[in-house]
Amino acid sequence: MRIVDIREKTFPLRTNMRNAAFDLSGLTTSVVAVVTDQKRDGKTVVGYAWGSLGKHACGAPMRARFIPRVLEAKPDSLLDDAGVIDPEKVQAAMNTKEKQGGHAERSVPIGIIDTAVWDAVGKIQEKPVWRLLADRYNGGKHLTSVPCYVGG
């Protein structure tokens, strides 16, 4: 099992929405597709993610640093013991040669790719991502409802 390609494309947000803080018109977002060598129902398994509203696209650091690091990694180095793509190992590959700590300029591009990897793994294992996360990080326990707030 392996990641065979990661694609990023910048899209404009076509909106005239605004909130008390800023105007969303003219903003862009990055959309990422993580392409695997796996098939489900005869179709290639692809994980997708996109950047949040209120931020600009961040494809340049993805294409310059983070995507090449994943694609240049030995495919087996990105797998867990069961031979499935391991999102933590993919994230470690993206962080290769990055200074410890964190700069905001890398958290968003890494986070978008990370989300697309989780989406691909969920599709490969035929589980929703919330279940993968609960199983991996919380012994399978999960909330039955999710608190949220109104923003914007």
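Values in this document were obtained by computation on a predicted structure and should not be read as measured data.

Draft legend 1. Just the environment of R69, in detail. As for its position among the elements, R69 is in helix α1 (residues 59-72). Taking the relative accessible area as the measure of exposure, R69 reaches 19% and is therefore buried. Measuring from C-alpha to C-alpha, the distance between R69 and K97 comes to 9.7 Å, with 28 residues separating the pair along the chain. Excluding residues within four positions of it along the chain, R69 makes contact with A93, M94, N95, T96, K97 and E98. A polar atom in the side chain of R69 sits 2.8 Å from the backbone oxygen of M94. Within the local environment of R69, its side chain forms a polar contact with the backbone oxygen of T96, the two atoms lying 2.9 Å apart.

Draft legend 2. The arrangement of α1 in detail. With 14 residues, α1 extends 18 Å between its outermost C-alpha atoms, agreeing within 8% with the 20 Å of an ideal straight helix rising 1.5 Å per residue. For α1, the principal kink sits at F66 and spans about 35°; a proline, P68, occurs within the next four residues. Residues of α1 that are buried: G59, P61, M62, F66, I67, R69 and V70.

Draft legend 3. Here's a closer look at the pairing of strand β3 (residues 43-50). Direction of pairing for strand β2 (residues 28-40) relative to β3: antiparallel, over a ladder of seven bridges. Residue pairing in the sheet places A33 in a bridge with Y48 of β3.

Draft legend 4. Structural context of the nonpolar core. The biggest cluster of nonpolar side chains holds 28 residues, and the ones touching the most others in it are I3, I6, V32, I85, V90, I113 and V117. Those elements that provide at least two residues to this core are β1 (3-12), β2, β3, α1, α2 (87-94) and α3 (104-125). The element best represented in this core is α3, accounting for eight residues. Aside from chain neighbours lying at most four places away, what touches I113 is I6, V32, V34, M62, F66, I67 and M94.

Draft legend 5. Looking closely at the side chain of D86. Tracing the backbone shows D86 in the loop between α1 and α2. Once you skip the residues sitting within four places of it in the chain, D86 turns out to touch L78, L79, D80 and R136.

Draft legend 6. Just the packing of aromatic side chains, in detail. Going through the model one piece at a time under the given rule, you end up with one aromatic pair. Relative to Y137, the ring of W118 lies with its centre 6.3 Å away and its plane at 55°, an arrangement referred to as tilted. Remark: Y137 occurs in helix α4 (residues 129-137) and W118 occurs in helix α3; sequence separation between them is 19 residues. For W118, a relative accessible area of 10% puts it in the buried group.

Cut-off values and rules
- Residues numbered from 1 in each chain as written.
- Predicted model: local features only at pLDDT ≥ 70, side-chain atom pairs only at ≥ 80, totals over all residues.
- Heavy atoms only, no water.
- Helix = DSSP H or I, 4+ residues; strand = E, 2+ residues; numbered from the N terminus.
- Buried < 20%, exposed > 50% of the residue type's maximum accessible area, 1.4 Å probe, protein only.
- Contact = heavy atoms within 4.5 Å.
- Polar contact = N/O pair within 3.5 Å; in protein donor to acceptor, adjacent residues only side chain to side chain.
- Expected span 1.5 Å × (residues − 1).
- Bend = angle between axes of the 7 residues up to and from the residue.
- Pairing = 2+ DSSP bridges.
- Core = buried A, V, L, I, M, F, W, Y, C linked by side-chain atoms within 4.5 Å.
- Phe/Tyr/Trp six-rings, centres within 6.5 Å; stacked < 30°, edge-to-face > 60°.

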